[in-house]
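# Chain and residue survey
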Amino acid sequence: QRGGVCSCGWRLPQKVTVEVLDHLEHLALVDFRDSEGVERLQKAIQFADQLHEVNTDGVEPMDSVLEDRCLYLREDDVTEGNCTEELLKNAREKVEEYFVAPPGNIPLPKLEERETFLKGS
Amino acid sequence: MLKYSAIEILAPWVPVVGLEIHAQISSNSKLFSGSQVQFAAPPNSLVSFFDASLPGTLPVLNRRCVEAAVMTGLALNCSINKKSLFDRKHYFYADLPAGYQITQQRVPIAVNGSLSYSLCIDNKMSQMVTKTVRIKQIQLEQDSGKSLHDDTRSQTLVDLNRAGVGLMEVVMEPDMCCGEEAAAAVRELQLILQTLGSSQAVMSEGQLRVDANVSVHHPGEPYGVRTEVKNINSIRFLAKAVDYEIQRQIKELESGRTILNETRAFDSKLGCTVPMRDKEGKQDYRFMPEPNLPPLILYDAKSLPANMNHQQVVNIDWIHERLPDLPSVKRAKLVERYGILPEHSFTLLNEDGLSEFFEDVIKQTQMKPKKVIGWILKDLLSYLKKHSLTVKESPVSSFLLADLLNRLEEKEISSTAAKQVFAELWKGEGKTPLEIVKEKKLQLIQDQKDLEQICQTVIDGQENEVMAIKAGNRKVLNKLIGLVQRETQGRSNPVLVKQLLEKKLSE
């Protein structure tokens, strides 16, 4: 729905709906936090939308500036690794040379239960 | 119960099975980094800075992995894409430190192939049918690390040794209809990969992982909602998981419920599939081109540029010329060369090392291959299975078996005696067939006069039987043969005994 309203009363800009924001927060684990964050997002989308003004009929899309470069192929030799201690130095928690992480994936709570959603102002 | 009567019972429902298979590439180092590929090493010892996704590191493609994918694509009759692209597939998981996997979602390295596999119609292996499954594509991608779930302490331990190892994902179209077909297709793929050497494909070491996509529908109607089944650890469990899921879906639909498009895990202990907690809801992977890798260009004899560094070139034709004989070709050659049945060659190739053993025996004996095959498949193989041994672990070498078969060919022993000798050889005490024959006095009586005397003795002692035979009852002759065998303690050639008795009785 365009121009929707979230539970705290903020009117959201057109096209960037509450559902989209919630979806983005789940996917990228970002926190838009307040109206300024949302506005910044809206402006970024507007800026990118300018691309639609270019006529690209008959033009092959380019997805990398590297497209004319040769992809370098490496020989199958073992040249790295064996630096367990160094790598574990960065870990906040470790158990016997394993990195420690929380159990499984903890999903973001549903929208209704999230306290920080657009609550930053 | 015959397989087809099972399908008749399912008649209103058509099961549809597709497979996504991840095969770990057999290489020294990883797909995009120079750390080693090895099973069961100390945790996080085979991890480079790139594998740990430390900032500032970049992927560098391993040539050997490209060659492995091309070989596999050619063996599966695929079109090799001379230009393929790499993409990022984003999702969060502790064993994926970058937060994305580098894969080939838009344009993979190989597409549109096929795999032929064989099935026995009944359980006796006397009739085989050939089926084909289409290969949608093969793509190169990174493996993730390993998570060890410690539920008691509510934490996950992460080992990144496997993170970044090269994988070939082989996607099989939903052309299969049951667990047996899925298992046979995967088995054939496994044999092909092992023959090529592109993957060792050992499922128990995680080098070959299979996810099944299963749905059911009524004939003539559109395909039903499919579920994805993961956590299948062997080919046997693959068949069970697929068949269970088909039955589960049929039961749900017949009870008026619907099938959720979800991911389920196979529980091998309970023999059923259960929903997977972490995979609820549709995933949005936000695919994007991998900005750090230009397109992968492959060449063939025609397109090969003149003055390019050959180390930087992967030539499809060069690889094609050097492909080894695939299992299907090897089987056909065995049938043609040795006159054995297709189902025999199927078993020979299905057991690691068995076809080589068979050919070694053939080289060392004058017994005809058609007779040798019986000894290989009935005697050797059943002993191996009974003691859970591989061909390599056989206490009876091809040399010893050939020696035994030669004694049989030379009519030094009867075939019953030969089986006894085989059983002795199995004990692996280092004795030769000749030694065992002498020890157990199994040699056939070679002196015809001796044998004639024994026959005469038997005839003299069996007046009634002799009269019956002379009156026309030929079957009684077998009793006399049996008596001669008993007299000679099994050391007489039954064919010769029959001839001698018949000669005497006609006098």
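Every residue gets a number counted from 1 within its own chain, in the order that chain's sequence is written. Labels are handed out in written order, letters beginning with A for the chains and numbers beginning with 1 for the ligands. This being a predicted model, a pLDDT of at least 70 is required before a residue's local features are given, and a value of 80 or more before pairs of side-chain atoms are given or counted; all residues contribute to the totals for chains, interfaces and linings. The basis for the side-chain values is all heavy atoms of the structure; hydrogens and waters are excluded.

Per an unreviewed UniProt entry, chain B is named Glutamyl-tRNA(Gln) amidotransferase subunit B, mitochondrial, and its organism is Bubo bubo. In its Catalytic activity (unreviewed entry) section, the UniProt entry covering chain B states "L-glutamyl-tRNA(Gln) + L-glutamine + ATP + H2O = L-glutaminyl-tRNA(Gln) + L-glutamate + ADP + phosphate + H(+)". UniProt positions are given in the numbering used here, feature names are shortened, and annotations may be inferred rather than shown by experiment.

Per an unreviewed UniProt entry, chain A is named Glutamyl-tRNA(Gln) amidotransferase subunit C, mitochondrial, and its organism is Bubo bubo. Looking at the Subunit (unreviewed entry) heading of the UniProt record, one finds this comment for chain A: "Subunit of the heterotrimeric GatCAB amidotransferase (AdT) complex, composed of A (QRSL1), B (GATB) and C (GATC) subunits." What UniProt records for chain A under Catalytic activity (unreviewed entry) is the sentence "L-glutamyl-tRNA(Gln) + L-glutamine + ATP + H2O = L-glutaminyl-tRNA(Gln) + L-glutamate + ADP + phosphate + H(+)".

Attention shifts here to the overall build of chain B. Regarding its fold elements, chain B presents 16 helices and 17 strands. Across its three principal directions, the C-alpha atoms of chain B cover 100 × 65 × 55 Å. Among the 507 residues that make up chain B, the fraction classed as buried is 50%. For chain B, the exposed surface amounts to about 25,100 Å²; the carbon and sulfur share of it is 51%. By the counting rule applied here, Lys and Arg register as positive and Asp and Glu as negative, while His and the ends of each chain are not counted. Every charge is mapped onto a representative atom, which is NZ of Lys, CZ of Arg, CG of Asp or CD of Glu. Here chain B contributes 63 positive and 62 negative side-chain charges, whose respective centroids are spaced 2 Å apart. Working definition: helices are DSSP H or I runs of at least four residues, strands are E runs of at least two. Numbering for both runs from the N terminus. When accessible area is computed with a 1.4 Å probe and restricted to protein chains, residues below 20% of their type maximum are described as buried, those above 50% as exposed, and intermediate ones as partly exposed. For every accessible area listed, the method is Shrake-Rupley and the probe measures 1.4 Å; residues are considered covered only by the protein chains on display.

The next point concerns the sheet that holds strand β9 (residues 146–150) of chain B. The strands that make up a sheet are held in pairs by hydrogen bonds between backbone atoms, and each pair lies either parallel or antiparallel. Each pair of strands is called paired provided DSSP finds at least two bridges between the two strands. Taken in spatial order, the four strands of this open sheet run β2(A)-β3(A)-β10(B)-β9(B), and their pairing is antiparallel. Single-partner strands in this sheet number two, and they are β2 (94–95) of chain A together with β9 of chain B. Bridge count for β2 of chain A against strand β3 (residues 98–101) of chain A is two bridges, and the pairing is antiparallel. Bridging across to β3 of chain A, Lys94 of chain A finds its partner in Phe99 of chain A.

A few words now on the side chain of Gln207 of chain B. Residue and element names in this part refer to chain B. One can find Gln207 in the loop between α3 (179–196) and β12 (208–217). What makes Gln207 buried here is its relative accessible area of 9%. Polar contact is the term for a pair of N or O atoms within 3.5 Å; when the atoms are in protein, one must be able to donate a hydrogen and the other to accept it, and sequence-neighboring residues count only if both atoms are side-chain atoms. A distance of 3.2 Å separates polar atoms of two side chains, one belonging to Gln207 and the other to Gln200. Not counting chain neighbours up to four residues away, the residues in contact with Gln207 comprise His22, Ala23, Gln24, Ser199, Gln200, Ala201 and Val202. Contacts are assigned to residue pairs with any non-hydrogen atoms lying within 4.5 Å of each other.

With that settled, consider the side chain of Ser48 of chain B. Among the secondary structure elements, Ser48 of chain B is positioned in the loop between β1 (14–24) and β2 (61–62). A residue is classified by how much of its surface remains accessible, and Ser48 of chain B, at 1% relative accessible area, is buried. In contact with Ser48 of chain B, not counting residues within four places along its chain, are Glu80 and Gly81 of chain A together with Ser33 and Ser35 of chain B.

Residue and element names in this part refer to chain B. Interaxial distance between helix α9 (residues 369–386) and helix α10 (residues 398–409) falls to 12 Å at its minimum, and their mutual angle equals 130°. Between α9 and α10, the interaxial angle falls into the category oblique. Crossing of α9 over α10 shows right-handed handedness. Judged by residue contacts, Lys371, Val372, Trp375 and Ile376 of α9 engage Leu401, Leu404, Leu405, Leu408 and Glu409 from α10. The classification used treats Ala, Val, Leu, Ile, Met, Phe, Trp, Tyr, Cys and Pro as nonpolar, Asp, Glu, Lys and Arg as charged, and all other residues, Gly among them, as polar. The class makeup of the residues in the contact of α9 with α10 is seven nonpolar, no polar and two charged. Angles here are taken between N-to-C directions and fall from 0 to 180 degrees, while the axes themselves are lines fitted to C-alpha atoms, restricted in helices to the stretch in contact. Under this scheme an angle from 65 to 115 degrees is roughly perpendicular, one under 35 degrees roughly parallel, and one over 145 degrees roughly antiparallel; angles in between are oblique. Each crossing is labelled by how the near helix is turned from the far one, with a counterclockwise turn of less than a right angle marking it left-handed and a clockwise turn marking it right-handed.

The subject of this paragraph is the nonpolar core. All names here are of chain B. Residues Leu19, Val66, Val70 and Met172 are the most contacted members of the largest nonpolar core, which totals 73 residues. In terms of residues, this core owes the most to one element, α3, which gives nine residues. Core analysis: the next-biggest nonpolar cluster, separate from the first, contains 37 residues, Leu348, Leu354, Met367 and Leu404 among them. To qualify as a nonpolar core, a set must consist of buried Ala, Val, Leu, Ile, Met, Phe, Trp, Tyr and Cys residues joined through side-chain atoms within 4.5 Å.

Before going further, it helps to spend a moment on the interface of chain B and chain A. Across the contact, 53 residues belong to chain B and 39 residues belong to chain A. Among the residues of chain B in contact with chain A, Phe92, Pro294 and Gln312 of chain B are the three that bury the most area, contributing 14% of the side total. Within this document, salt bridges are pairs made up of a side-chain nitrogen of Lys or Arg and a carboxyl oxygen of Asp or Glu, the two lying within 4 Å of each other. Along the contact surface separating chain B from chain A lie zero salt bridges. Remark: the boundary between chain B and chain A carries 21 residue pairs in polar contact (both at pLDDT 80 or more). With five residues, strand β10 (residues 155–159) of chain B is the largest single contributor of residues to the side of chain B that touches chain A. When grouped by side-chain class, the residues that make up the side of chain B that touches chain A number 27 nonpolar, 18 polar and eight charged. Two strands pair when backbone bridges link them, and β3 of chain A and β10 of chain B are joined in this way by three bridges, in the antiparallel orientation. Pairing of Val100 of chain A across the sheet is with Leu157 of chain B, part of β10 of chain B. Defined in terms of a 1.4 Å probe, buried area is the accessible area two parts forfeit on being brought together, summed over both.

Residues and elements named next belong to chain B. Ring pairs are drawn from Phe, Tyr and Trp, using the six-membered ring of Trp, whenever the two centres fall within 6.5 Å, and their geometry is named by plane angle: stacked under 30 degrees, edge-to-face over 60, tilted for the rest. Under the definition given, this model contains nine aromatic pairs over all chains. The interplanar angle of 50° and the centroid separation of 5.8 Å between the aromatic rings of Phe237 and Phe266 together place this pair among those described as tilted. One end of the pair, Phe237, is in helix α4 (residues 235–254); the other, Phe266, is in strand β14 (residues 263–267), with 29 residues separating them in the sequence. Residue classification places Phe266 among the buried residues on the basis of a relative accessible area of 2%. Three or more aromatic residues link up through ring pairs in this structure, and these residues are Trp375, Tyr383, Phe422 and Trp426. Two conditions define a charge sitting above a ring: the NZ of Lys or the CZ of Arg must be within 6 Å of the ring centre, and it must be within 35 degrees of the ring normal. Lying over the aromatic face of Tyr285, Lys89 brings its terminal NZ or CZ to 4.4 Å of the ring centre. Across the ring face of Trp375, the terminal group of Lys419 is positioned such that the distance to the ring centre comes to 4.5 Å.

Another point: the UniProt feature "domain: Asn/Gln amidotransferase" (unreviewed entry) in chain B. The feature "domain: Asn/Gln amidotransferase" (unreviewed entry), as given by UniProt, occupies residues 356–505 of chain B in the numbering adopted here. The span residues 356–505 of chain B shows a helical share of 69% and a strand share of 0%, and its end C-alpha atoms are spaced 49 Å apart.

On to the sheet that holds strand β6 (residues 100–103) of chain B, then. Residues and elements named next belong to chain B. The strand order across the open sheet formed by three strands is β6-β5-β16, and the pairing between neighbours is antiparallel. Edge positions in the sheet fall to β6 and β16 (288–289), since each has one partner strand and no second. Bridging between strand β5 (residues 87–90) and β6 involves four bridges; their strand directions are antiparallel. For His90, the partnering residue across the bridge sits in β6 and is Tyr100.

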